[in-house]
Amino acid sequence: MKFAVTYDNGQVFQHFGQTRQFKVYDSDGSTSILDSGSYSHGSLAELLSMNGISAIICGGIGDGARNMLINRGIKVYPGMSGDADAAAKAFMDGKLSDGMKSTCDHDHDCHCHD
C-alpha cells in the first residue's frame, strides 16, 4: 500500500490543489518525493492514481478535488497540519478519520470548491 502527504519542507502543505510535492510512504517502510510538475487541482488525482497512491493526507482541500480523488479510489484525510512524518505515523497507527468534511480556509478564489 502507498499513501501520500501534501508536502513542503517537512510539513503538511495546506492547499491540496497547489502542492508542488507529495511525500510518498510505502508499506515496506520506504519513502520518496513525488513532484507534481504541471499537475494541479483535478489533475492531481490522476497523478496520484497513476503512481498507485491509495490515500492522501492533506491540509485544506475543496469538495471538487476531494470528489475527484474519491472517484479514483483514493481515500482523503483532510484537515492535517504540522510535521508530515507525524501525520503519516498517525495514519499508519489508525488515528486519522477519512470522514472529515473538506476544508479550504485560504483567502483567494482557487475554484477548488466547485
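Calculation rules
- Residues numbered from 1 in each chain as written.
- Predicted model: local features only at pLDDT ≥ 70, side-chain atom pairs only at ≥ 80, totals over all residues.
- Heavy atoms only, no water.
- Core = buried A, V, L, I, M, F, W, Y, C linked by side-chain atoms within 4.5 Å.
- Buried < 20%, exposed > 50% of the residue type's maximum accessible area, 1.4 Å probe, protein only.
- Helix = DSSP H or I, 4+ residues; strand = E, 2+ residues; numbered from the N terminus.
- Phe/Tyr/Trp six-rings, centres within 6.5 Å; stacked < 30°, edge-to-face > 60°.
- Pairing = 2+ DSSP bridges.
- pLDDT = per-residue confidence, 0-100.
- Contact = heavy atoms within 4.5 Å.
- Polar contact = N/O pair within 3.5 Å; in protein donor to acceptor, adjacent residues only side chain to side chain.

Peer 1: Would you take a moment to explain the nonpolar core for this structure?
Peer 2: Burial of nonpolar side chains together is a common tendency in soluble globular proteins. If you look at the biggest cluster of nonpolar residues, it comprises 17 residues, and the most contacted ones within it are Ala4, Phe16, Phe22, Leu48, Ile56, Ile61 and Leu69. Elements supplying a minimum of two residues to this core: strand E3 (21-26), helix H1 (42-50), strand E5 (53-57) and helix H2 (63-71). The element best represented in this core is H1, accounting for four residues. Val5, Tyr7, Ile57 and Ala88 belong to the second largest nonpolar core, which has 15 residues in total.

Peer 1: When you look at the packing of aromatic side chains in this model, what are you seeing that I'm missing?
Peer 2: The way to describe two aromatic rings as a pair is by their centre distance and the angle between their planes. Applying the stated criterion to the full structure yields four aromatic pairs. When the ring of phenylalanine 3 is compared with that of phenylalanine 91, the centres are 4.4 Å apart and the planes differ by 50 degrees; the resulting orientation is tilted. Taken together, the positions of phenylalanine 3 in strand E1 (residues 2-8) and phenylalanine 91 in helix H3 (residues 84-92) put the pair 88 residues apart, joining distant regions of the chain. Given a relative accessible area of 14%, phenylalanine 91 falls into the buried group. Summarising the aromatic geometry, the rings of phenylalanine 16 and phenylalanine 22 are spaced 6.2 Å apart at their centres and angled 55 degrees between planes, so their arrangement reads as tilted. Each member of the pair, phenylalanine 16 together with phenylalanine 22, is buried. An aromatic cluster of three or more residues is present, and its members are Phe3, Tyr25, Tyr77 and Phe91.

Peer 1: Explain the pairing of strand E4 (residues 31-35) here, please?
Peer 2: Remark: a regular strand shows side chains that alternate across the two faces of the sheet. As paired strands, E3 and E4 are joined by five bridges and run antiparallel to one another. Bridged to valine 24 within E4 is serine 32.

Peer 1: How should I be thinking about the confidence of the model for the chain in this particular structure?
Peer 2: Any segment with low pLDDT has predicted coordinates that should not be analysed in fine detail. Of the residues in the chain, 86% have a pLDDT of 70 or more, and the chain-wide mean is 87. Contacts for the low-pLDDT stretch residues 106-114, under 50 throughout, to residues beyond four places or in other chains number 19 contacts.

Peer 1: Would you take a moment to explain the side chain of threonine 6 for this structure?
Peer 2: Among the structural elements, threonine 6 can be located in strand E1. A relative accessible area of 0% places threonine 6 in the buried class. There is a polar contact of 2.8 Å between the side chain of threonine 6 and the backbone oxygen of phenylalanine 13. Residues contacting threonine 6, with those up to four places away along its chain left out, are Gln11, Val12, Phe13, Phe16, Thr19, Gln21, Phe22, Ile56, Ile57, Cys58 and Gly59.

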